[in-house]
Amino acid sequence: MNPLFNMGIDDAVYAKGEEALGRLEERFRQIDRIAEQNQMKVLKAMQDNHVSEACLYGTTGYGYSDIGRETLERVYADVFHTEDALVRPQITCGTHALALALMSNLRPGDELLSPVGKPYDTLEEVIGIRPSRGSLAEYGITYRQVNLLPDGSFDYEGIRKAVHEKTRVVTIQRSKGYQTRPTLSVARIGELISFIKNIKPDVICMVDNCYGEFVEDREPSDVGADMVVGSLIKNPGGGLAPIGGYIAGTKECVENAAYRLTSPGLGKEVGASLTALPSMYQGFFLAPTVTAGALKGAIFAANLYEPLGFPCVPDRNESRHDIIQAITLGSAEGLQAFCRGIQFAAPVDGFVTPEPWDMPGYDAKVIMAAGAFVSGSSIELSADGPLKPPYHVYFQGGLTWFHAKYGILRSLQEMKNDGLVKSLSQTD
Ligand SMILES: *Cc1c(COP(=O)(O)O)cnc(C)c1O
């Protein structure tokens, strides 16, 4: 009997997991090495900035002289090696942080350029690609996009032509999000930024850093990005931050964002931290380890599913630059069984069965599995996918490696029980 038998994993599924793990020792060692470096980076920033007990108390009202908030922002700035940072519970999510960074650093008549193709879905309304109230387009800010070449490389010629006098901000999305293009490594982002700054040195390069933080030992701000932007209910919140977003970058970019978030003249000086600081600090402290666990989960999933005949993006051997794993399950039943397994593995709401629903803004029903301590948190184990061919599931997170591993095995168990895995017969 295998050690997970009492947790509903049969011997055949467990054995497949062990087989996959046998191939991963060296890769997991590499991940641990990066996690250790990032852990020391965060620890040093906390020590250098004299994080003290008083930093954890929080403020109410205007929040003037909030030592905890100000120190946390210096800690973020040190970790990302930027001049300044804005890290606030008043930034409601990743989209809000990105919208804030863009709207505060662009002025009417300016142009925004994406040299890496279509940005994340929710940014389409921010930019005005899909018309929306209050979009950049409504304020007279134009948008230009240069797609990646079919092989995933940068269209340098196209980019050179697209940069002109009005180009003010360049937005670069690190993670592939829910597309199939490869995620950009920090090194590739650095090459792209140098190329663009060579053409126009005063352009502001912003990186959408969502899902990428702490996956490598460097961040895009180490290779020339003027701003890196992300959500605290993903990697840098470490699973503990209950809300929030961050913008780390040059003093001027961050000040522009602060003036927009609160008010011209007030900027960073206001914004009570209420009770959020302890979990924002502790979450950031844990984030390198939590991210490493999620990354191991993603690599394990690819190494378990790909040999069973399910295509994976990234594939099982590819280098990783974010924590998202896409698996092509090939049938609606497969997608539902996979998500059921993830849900049944959850510490919260593990007793419920996820059902597909008509989510606003999608052209097919969507199924989602998540049982998180922080609602909607995608650094916690979660999976989702649209019910349409080829039935991709997007899988990410896991606060601990052991939980991620169990969730993935449980998903395979559900698929096997439904007879959806050809090479695992139902009777063995
Ligand atoms: C999650 C994500 C966003 C948006 O973040 P929300 O918190 O969902 O608003 C933007 N870009 C990328 C690449 C993301 O992964």
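Residues numbered from 1 in each chain as written. Predicted model: local features only at pLDDT ≥ 70, side-chain atom pairs only at ≥ 80, totals over all residues. Heavy atoms only, no water.

Sorry, what's going on with the packing of aromatic side chains here?
The description of two aromatic rings rests on the distance between their centres and on the angle between their planes. Within the structure shown, the criterion is met by 13 aromatic pairs. Taking 6.1 Å as the distance between ring centres and 35° as the angle between the ring planes, the aromatic pair formed by Y76 and F80 counts as tilted. Residue class for Y76 comes out buried when judged on its relative accessible area of 0%. With a centroid separation of 6.2 Å and 85° between ring planes, the pair formed by F338 and F395 is classed as edge-to-face. Of this pair, F338 sits in helix α10 (residues 332-344) while F395 sits in strand β12 (residues 392-396), and the two are 57 residues apart along the sequence. The buried category is assigned to F338, whose relative accessible area is 0%. (Phe/Tyr/Trp six-rings, centres within 6.5 Å; stacked < 30°, edge-to-face > 60°. Buried < 20%, exposed > 50% of the residue type's maximum accessible area, 1.4 Å probe, protein only. Helix = DSSP H or I, 4+ residues; strand = E, 2+ residues; numbered from the N terminus.)

Help me out: how do you make sense of the site of the ligand in this one?
The ligand sits among C93, G94, T95, L98, Y120, Q173, D208, C210, Y211, S231 and K234. Here T95 contributes a side-chain N or O atom positioned 2.5 Å from an oxygen atom of the ligand. Between an oxygen atom of the ligand and a side-chain N or O atom of K234, the distance comes to 2.9 Å. Tallying contributions element by element places helix α4 (residues 94-105) first for the shell around the ligand, with three residues. Considering only residue class, the shell around the ligand consists of five nonpolar, four polar and two charged. (Near = heavy atom within 4 Å. Polar contact = N/O pair within 3.5 Å; in protein donor to acceptor, adjacent residues only side chain to side chain. Nonpolar A, V, L, I, M, F, W, Y, C, P; charged D, E, K, R; others polar.)

Can you help me understand the packing of helix α9 (residues 277-305) against helix α11 (residues 401-417) in this one?
When two helices pack together, their arrangement is given by the angle between their axes and by how far apart the axes lie. Running from N to C, α9 and α11 point in directions that differ by 25°, and their axes come no closer than 8 Å. Regarding the angle of α9 to α11, the classification is roughly parallel. Judged by the twist between their axes, the crossing of α9 over α11 is right-handed. Residues G293, K296, G297, F300, A301, L304 and Y305 of α9 pack against W401, A404, K405, I408, L409, S411, L412 and M415 of α11. Residues of the contact of α9 with α11, tallied by class, amount to 10 nonpolar, three polar and two charged. (Axes fitted to C-alpha atoms, helices over the stretch in contact; angles between N-to-C directions. Parallel < 35°, antiparallel > 145°, perpendicular 65-115°, else oblique. Left-handed = near helix turned anticlockwise from the far one by under 90°. Contact = heavy atoms within 4.5 Å.)

What exactly am I supposed to notice about the sheet that holds strand β7 (residues 245-249) here?
Within a sheet, each strand pairs with its neighbour through backbone hydrogen bonds, oriented either parallel or antiparallel. One open sheet holds the seven strands; their spatial order is β1-β7-β6-β5-β4-β2-β3, and the pairing between them is mixed. Edge positions in the sheet fall to β1 (84-88) and β3 (142-145), since each has one partner strand and no second. In this sheet, neighbouring strand axes are inclined to one another by 20° on average, regardless of whether the strands run parallel or antiparallel. Across the face of the sheet, α4 comes into contact with β1, β2 (111-114), β4 (167-173), β5 (204-208), β6 (227-231) and β7 while running at roughly 150° to β6. Set on the sheet, helix α7 (residues 186-199) makes contact with β4 and β5; between it and β5 the angle comes to about 160°. (Pairing = 2+ DSSP bridges.)

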